[in-house]
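# Structural description and commentary
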Amino acid sequence: MTASILDGIVLGLQFGLLATGLTLMYGLGGILNLAYGQMAVVSAIVTVSIMEAGLPVVPAAAIGIAVGALLGFVLDQTVFRPLYSLRGEARVLLSLLLSLGVALMIDGFLNWLFPLKGLSLFIGGGAIDVFGEPMRRGSLLASGITIVAMGGLVAFFRFTTLGRAVRSVIEDEEGARLVGIDPRKMLRLILLLSGGIAGLVALTRSMVAPVDVTAGFGITVFALIVTVVGGLGSITGALAAGIILGVINAIAASAIGTFMSLVILLVAAAVTILVRPAGLLGVKE
Amino acid sequence: MAILDLEGIEKRFGGLKVIDGVTLEVDDGEILAVVGPNGAGKSTILKLIVGLEQPTRGSIRFQGRDITHLPTHRVRHLGIAMVEQTPRPFPTMTVLENVAVGALFGSPDTRTGEEAALAAGEEMLAFVGLADRRDDHIDNLNLHEQRFLELARALAGRPRLLLLDEVMAGLNESELRSSIDLVRTIRDELGITVIWIEHVMGAVVELAERVVVLDFGRIIADGTPHTVMRDPHVIEAYLGAAEGIVDA
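Predicted model, so just to flag it, every value in this text is computed and none were measured.

### Details of the packing of aromatic side chains
Both the distance between ring centres and the angle between the ring planes are used here to describe each pair of aromatic rings. Inspection of the entire model under this criterion finds three aromatic pairs over all chains. For the ring pair Phe15(A) and Phe222(A), a centre distance of 4.1 Å and an interplane angle of 20° mean the geometry is stacked. Separated by 207 residues along the polypeptide, Phe15(A) in helix H1 (residues 2-29) and Phe222(A) in helix H9 (residues 216-230) bring together distant segments of the chain. Both residues of the pair, Phe15(A) and Phe222(A), belong to the buried class. Note that Arg153(B) overlies the ring of Phe90(B), its terminal NZ or CZ placed 4.6 Å from the centroid.

What follows is the structure in structure tokens.
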């Protein structure tokens, strides 16, 4: 049981971080990005390709993350561009369709070009005991990196005026425009940031289990569930929901079986929506 | 010299003509009150100026520059700030953080750093008399204090023109007093031009140098407070009949 919970926390931290990117894109720009998982996969594939070319893991990972961020920026400038003249529901729905198209295209290209590629960052060394359970070093390092990234993200949004400006657009877009904030600029920043987050999560994930070219939709689905449970537009909600769902997922997987764990997560998400329609810490409409 | 020029402004919502050909020059440094019955189009005019709404026809010039179709944040960068009737501070931020956002983003100089933004925020809080509330949460401020916070946030970007939308509604006598004094200080000490929509006629007569009366989206009178209040068209617009003198 302890082992499942610990595994769940490792997974949950990562998906909590992953979901912040999705939740920010939605909260800020009304964009549901279904290509999010593919952004993570692209980072992973770039990283493994560079490593195969002979570069050490750290610079390769840095480039991988940068490519993820760049992909976010490119999406903002190209595919998502027509969205910004739309409002409300039309924007959300069209973003769903456009990003789904992007996801399918990226999936197709990756399968065609690198059908067998996958990133697996193996962290050597023996297991370390945590609460009496042996934990792989890869899991611990992945969790450590994730926690640092989360701390950085929370600090950015809480303690810097730029971070507060992003929050102000989520809370009251018209009010933000009145104090001189350009919501488009903030959204561009968030797409860049979320691309980087997706890349980082792909890398830490690959320290625990391989991330291959087909992983994209699975990542998106999990991130989407976490985002909905945490509350669309809430960073702390996404982080909390990630950890809670990660633990539920791990317990369900070990008690019932992996085939049921996603269903159990969907049930947990549905119950959350029934009890709290805006999610755990959602921004009220 | 005119700081703001409205030329033949018209605004329709569907078939409804809310603003019907408004032409108005606002002089640099004046305090101009815009009054009129409910639904006369007063707030719409302010929204058109800051780009929250787009005029159907006509043009808006600020300091000689055409701003008719600029987005709201650009208008703010050029030097026009607005405070609305219902305060809308960012709820998850402290008083100082709210004003710092205005300082960092409210001016064209985007290189203002974090430190400078906070310093400018403190300065403006001191100016409106909220310095000791800097770390308070928004919920701890009453309506009057929230309006002053919004004024501080608006002023933090050093605008040249300040638009106020019924910022004196719902205040008690002493709060009204301090609001009138503050608006006058904003003009006198910071040299900021003020366009001010108001229902509190006593305040209008005391503070405004010029009053424009709007009715059904048209300007029906323009002049000093006392001449305007005695204008038969104005009395008719307010009372529906020219039977009494509105003398505040």
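### What to know about the domain arrangement of chain B
In many reports, interface size means the accessible area that the parts give up when they come together. Residues and elements named next belong to chain B. Considered domain by domain, chain B is made up of domain 1 (1-79 + 159-248) and domain 2 (89-158). Between domain 1 and domain 2, the C-alpha centre-to-centre distance is 25 Å. At the boundary of domain 1 with domain 2, total buried surface from both sides reaches about 1500 Å², with 66% on carbon and sulfur atoms. The largest contributions to the domain 1 side of the interface with domain 2 come from Arg-76, His-77 and Leu-182, which together make up 36% of the buried area.

### Overview of the side chain of Ser139(A)
Residues and elements named next belong to chain A. Structurally, Ser-139 can be placed in helix H5 (residues 137-159). Overall, Ser-139 belongs to the buried group, its relative accessible area being 6%. Residues contacting Ser-139, with those up to four places away along its chain left out, are Val-10 and Val-208.

### Re the sheet that holds strand S3 (residues 31-35) of chain B
All names here are of chain B. Spatially, the six strands line up as an open sheet ordered S6-S7-S8-S3-S9-S10, and their pairing is mixed. Since the sheet does not close on itself, it has two edges, and those belong to strand S6 (80-83) and strand S10 (218-223), each with one partner. Sheet twist, expressed as the mean angle between neighbouring strand axes with direction ignored, is 20°. When strand S9 (residues 210-215) meets S10, the two strands line up antiparallel, connected through five bridges. Counted as the bridge partner of Leu-214 is Ile-219 from S10. The strands touched by helix H1 (residues 42-50) within the sheet are S3, S6, strand S7 (161-165), strand S8 (193-197) and S9, with S7 carrying the most contacts at an inclination of about 145°. Contacts between helix H6 (residues 173-190) and the sheet are confined to S3, S7 and S8, with S3 contributing the most and set at about 140° to the helix.

### Description of the interface of chain B and chain A
Contacts between the two partners involve 23 residues from chain B, matched on the other side by 22 residues from chain A. A combined buried area of about 2000 Å² lies between chain B and chain A, and 59% of that area is made up of carbon and sulfur atoms. Where Arg164(A) meets Glu97(B), a salt bridge forms, and the shortest distance between an N and an O atom there is 3.6 Å. Counting across the interface, chain B meets chain A through ten residue pairs in polar contact (both at pLDDT 80 or more). Breaking the side of chain B that touches chain A down by element, the ones donating at least two residues are helix H2 (72-78) and helix H3 (95-105) of chain B. Looking at the side of chain B that touches chain A, the element that brings in the most residues is H3(B), giving six residues. Tallied by class, residues from the side of chain B that touches chain A come to ten nonpolar, seven polar and six charged.

How each quantity is defined
Residues numbered from 1 in each chain as written. Chains lettered and ligands numbered in written order. Predicted model: local features only at pLDDT ≥ 70, side-chain atom pairs only at ≥ 80, totals over all residues. Heavy atoms only, no water. Phe/Tyr/Trp six-rings, centres within 6.5 Å; stacked < 30°, edge-to-face > 60°. Helix = DSSP H or I, 4+ residues; strand = E, 2+ residues; numbered from the N terminus. Buried < 20%, exposed > 50% of the residue type's maximum accessible area, 1.4 Å probe, protein only. Lys NZ or Arg CZ within 6 Å of the ring centre and 35° of its normal. Domains from an automatic or database assignment. Buried area = accessible area lost by both parts, 1.4 Å probe. Contact = heavy atoms within 4.5 Å. Pairing = 2+ DSSP bridges. Axes fitted to C-alpha atoms, helices over the stretch in contact; angles between N-to-C directions. Salt bridge = Lys/Arg side-chain N within 4 Å of Asp/Glu carboxyl O. Polar contact = N/O pair within 3.5 Å; in protein donor to acceptor, adjacent residues only side chain to side chain. Nonpolar A, V, L, I, M, F, W, Y, C, P; charged D, E, K, R; others polar.

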